[in-house]
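Residues per chain are reported as follows:
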Amino acid sequence: MILYYLLKTVHGLFAMVLLGTVLVGLFFAYRAWRGGDLQQIALTFSLLVRLDLWFIASSATLLPLTGLALAKVGGWPVGQLWLLWSTGLYLLAALCWLPLFWLQVRIRNRARKALRDGQPLGPQIAAHLALRVRLAVFVLGVLVAIYALMVIKPL
């Protein structure tokens, strides 16, 4: 029983890190862009790329492992509908994160280049940011749906 609660705690912490990093990234990306300062945009997106690699990638990798261990220790069959839906939504979030991460790297690189060359970012990067924000909001909604399934276990 102690192992179950330990796994549940670790799984919950990884989930909080994942959700928190998505929220922080969304907030700071939007704030930096609205500020319009090219140096702030470059710095913010440099930090967001690092945050994604350190926190999102690590917690997103460890969450399925702790989730499977939790299901096994908790005695839940992996074929339960709420677990299958959670897994499917999790894969959807991961597939959305890949282009989201690519967009962040692209915005970071363009902002650095614009700073070096003394040029504005241009409309293409604004479109990248708009897409990045939409993807991040979608991923956030998917993560909230997963959390609801995990807490309620309705199916």
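Reading guide: rules and limits
- Each chain carries its own residue numbering, running from 1 in the direction its sequence is written.
- Given that the model is predicted, a residue must reach a pLDDT of at least 70 before its local features are reported, and side-chain atom pairs must reach 80 or more before they are shown or counted; all residues, however, enter totals for whole chains, interfaces and linings.
- Think of the side-chain values as coming from all heavy atoms in the structure, minus any hydrogens and water.
- Secondary structure elements follow DSSP: runs of H or I of four or more residues count as helices, runs of E of two or more count as strands, with numbering from the N terminus.
- Per-residue accessibility, obtained with a 1.4 Å probe over protein chains only, is compared with the maximum for each type, and a residue is labelled buried under 20%, exposed over 50%, and partly exposed between these values.
- Contact criterion: two residues are considered in contact whenever any of their non-hydrogen atoms come within 4.5 Å of each other.
- For the area figures, the Shrake-Rupley method with a 1.4 Å probe applies, and any residue is considered shielded solely by the protein chains shown.
- Nonpolar cores were defined as sets of buried Ala, Val, Leu, Ile, Met, Phe, Trp, Tyr and Cys residues, with membership established by side-chain atoms within 4.5 Å.
- A pair is scored as a salt bridge if a Lys or Arg side-chain nitrogen falls within 4 Å of a carboxyl oxygen belonging to Asp or Glu.
- Any pair of Phe, Tyr and Trp rings, taking the six-membered ring for Trp, is counted once the centres come within 6.5 Å. Such a pair is stacked with planes under 30 degrees apart, edge-to-face with planes over 60 apart, and tilted for the rest.
- UniProt positions are given in the numbering used here, feature names are shortened, and annotations may be inferred rather than shown by experiment.
- Each patch is assembled from residues with relative accessible area greater than 30% and no salt bridge, linking like charges that lie within 9 Å and nonpolar side chains (Val, Leu, Ile, Met, Phe, Trp, Tyr) that lie within 5 Å.

Under an unreviewed UniProt entry, the name given to the protein chain is DUF2269 domain-containing protein, and the organism recorded is Metapseudomonas resinovorans.

## Let's talk about the overall build of the protein chain
Along the backbone of the protein chain there are four helices and zero strands. Each helix and strand of the protein chain, placed in order from N terminus to C terminus, yields the pattern α-α-α-α. Each principal axis of the C-alpha atoms in the protein chain carries an extent, and together these give about 60 × 25 × 20 Å. A total of 155 residues make up the protein chain; the buried ones form 36% of that total. Partitioning the contacts of the protein chain with sequence separation of at least 6, the portion at a separation of at least 24 is 82%. Within the structure as shown, the protein chain displays about 9,100 Å² of accessible surface, and the carbon and sulfur contribution to it stands at 73%.

## Thoughts on the nonpolar core
Here is a general trend for soluble globular proteins: nonpolar side chains tend to be buried in one another's company. Ranked by internal contacts, the top residues of the largest apolar core, which has 27 residues, are Leu18, Leu143 and Ile146. Only α1 (2-35), α2 (38-74), α3 (81-117) and α4 (123-152) provide two or more residues apiece to this core. For this core, the leading source of residues is α3, giving ten residues. For leucine 18, the contacting residues outside a window of four places in its chain are Ile56, Ser59, Ala60, Leu63, Tyr90, Leu143 and Tyr147.

## So, the pattern of salt bridges
Tallying each qualifying case throughout the model produces one salt bridge. Its salt-bridge partner being aspartate 117, residue lysine 113 comes within 2.7 Å of it at the nearest N-O pair. With lysine 113 and aspartate 117 both in helix α3, this residue pair falls four residues apart, about one helical turn. Judged by relative accessible area, lysine 113 falls into the partly exposed class, the value being 41%. A relative accessible area of 42% places aspartate 117 in the partly exposed class.

## Details of the packing of aromatic side chains
If you walk through the whole model with that rule in mind, you get five aromatic pairs. When the ring of tyrosine 4 is compared with that of tyrosine 5, the centres are 5.2 Å apart and the planes differ by 75 degrees; the resulting orientation is edge-to-face. Both rings, one in tyrosine 4 and one in tryptophan 76, keep their centres 6.2 Å apart while their planes meet at 65 degrees; by these two values the pair is edge-to-face. Of this pair, tyrosine 4 sits in helix α1 while tryptophan 76 sits in the loop between α2 and α3; the two residues are 72 residues apart in sequence, bridging distant segments of the chain. Classification of tryptophan 76 by relative accessible area gives partly exposed; the value is 23%. Chaining the aromatic ring pairs together yields one cluster made of Tyr4, Tyr5, Trp76 and Trp82.

## A closer look at the UniProt feature "transmembrane region" (unreviewed entry) in the protein chain
Feature annotation in UniProt places "transmembrane region" (unreviewed entry) on residues 12-30, 51-70, 82-103 and 133-152, given in this structure's numbering. For residues 51-70, helix accounts for 100% and strand for 0%, while the C-alpha atoms at its two ends are 26 Å apart. Helix makes up 100% of residues 82-103 and strand 0%. Its end C-alpha atoms lie 32 Å apart.

## Some details on the side chain of histidine 128
Within the secondary structure, histidine 128 sits in helix α4. Sequence-distant contacts of histidine 128, defined by excluding residues within four places in its chain, comprise Leu103, Arg106 and Ile107.

## Brief notes about a nonpolar patch on the surface
A surface patch of nonpolar side chains, about 390 Å² in accessible area, is lined by Val17, Leu53, Trp54 and Phe55. A total of three residues in the nonpolar patch trace back to one element, the largest contributor, which is α2. Within the secondary structure, leucine 53 sits in helix α2.

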